[in-house]
Amino acid sequence: MPGDKNLGVTLSRTLIPPLPADYLSRKRLFPLISNQTAGTTFIIAPDGYGKTSLVAEWAQNQSTPVIWMTVTNSDTLNEMSAMMILATRQVVPGFAPWFEHDQPIRPTDVVRRWGNDLLQTGRDYIFVLDNLRTEDDQDVKIETQLIEQFPNNIHFVAIRRDAIKEIYSICASRGPIKVLSTQELRFTDEEIELIAANHEIKLDEDSRKVMQAANGWPAATSLILENLKTRTGTVDLAQLMSSTIEPLRELVMIVVGNLDPGISRVCEKLSILESFTLEDAKIILGDEFSVGLINSIAHKGEIFTLSRIPSVGYTFSPMVREIFLENLRKRVNLKADLHQTLIEYFERRGRVSDAIIQ
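To keep things clear, this report deals only with the structure shown in the data block.

Scanning the entire structure with this criterion turns up 10 salt bridges. Here R112 and D109 are joined by a salt bridge, their closest N and O atoms 3.7 Å apart. Of this pair, R112 and D109 both sit in helix α5 (residues 107-120), 3 residues apart, which is roughly one turn of that helix. For R112, a relative accessible area of 38% gives the class partly exposed. Residues joined in a network through salt bridges with shared partners are R26, R28 and E191.

Here we come to the layout of surface pockets. In this model, the second largest pocket occupies a volume close to 260 Å³. If you go around the second largest pocket, you meet 19 residues; those closest to its centre are L77, M80, V111, I142 and L146. Elements with a minimum of two residues in the lining of the second largest pocket: β2 (66-71), α3 (77-89), α5, β3 (125-131) and α6 (137-148). Broken down by element, the residue count for the lining of the second largest pocket peaks at 5 residues, all from α6. Here the residues of the lining of the second largest pocket sort into 10 nonpolar, 5 polar and 4 charged.

Take S74: it is sitting in the loop between β2 and α3. A C-alpha to C-alpha distance of 8.3 Å links S74 and R133, two positions 59 residues apart in sequence.

The rules behind these values
Residues numbered from 1 in each chain as written. Predicted model: local features only at pLDDT ≥ 70, side-chain atom pairs only at ≥ 80, totals over all residues. Heavy atoms only, no water. Salt bridge = Lys/Arg side-chain N within 4 Å of Asp/Glu carboxyl O. Helix = DSSP H or I, 4+ residues; strand = E, 2+ residues; numbered from the N terminus. Buried < 20%, exposed > 50% of the residue type's maximum accessible area, 1.4 Å probe, protein only. 1 Å grid on protein atoms, 1.4 Å probe; cavity = no way out; pocket = protein on both sides within 12 Å on 5 of 7 lines; lining within 4 Å. Points joined across faces, edges and corners; volume = space filled by probe spheres on them. Nonpolar A, V, L, I, M, F, W, Y, C, P; charged D, E, K, R; others polar.

Given below as structure tokens:
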């Protein structure tokens, strides 16, 4: 870790995520996120409610520096502490030079020193923790220790799938709490009409009934519109939305199933990476590589989108990628060949950490 300018952390997870190409601005929700400096805002909803995109848009419109950190199940405590330092260096260049010099350091000590150093800057900050981890006792302990050491010049914004009620009292001791849930994050009728217009879809009585079945669920709304646009399916979407245990997953499978075979094959191969550049795609696809095709898929935004960060390239929609990966795993030889090709490619490029592929 010492000596690595990125501290062994994926840089994209310490930056404000880019917005999808066809993202619908939701500035009307900004007042529900904004809080006092020492306050806490929770954004809590299942996948598909646009939590991260909403907070990313809000963060891009703040005058206060925003420290952004995205954590996943595979992150260890040491990796998370390194990520916190790198994320802070995105807004405070040269922050915490002691991190490399004083190794090894316990993660709790990193957080304590991090907070003290931020306080000494004399500025206010927003700290966004996009937590993709599943709730367990260890996570409660981690977040408790983290929040307990926050200085009073930080507005904490926590993005989660599930609530952790145990940390509410700790946050309340710092300042006021705001909570946004599925109710606030649902699309309004006006937003649905605007999205449909952006997709050049004129909603009739039947399609509006289908939209009502989605109950404003943002991801489901987008996928329904995609299905209405192609008009290739015969599935009763209203029935699906009201009866299926995992309607969003079923909708993703419908959309994927309706893709042109050539596009589906390309996306399946690319799904081996969560994010990829055009150079990565060329290595993965070989003779099937086409800049025009990749950009046309990204423009629609349902499968993957173009990042505003050139080094990141394109990023898959998580649930869509999951479906493609399931299909790819059935093609054992192809998956193994792609892994081997990418490992050799990343090693040649000096991207050793990227050589460990899911």
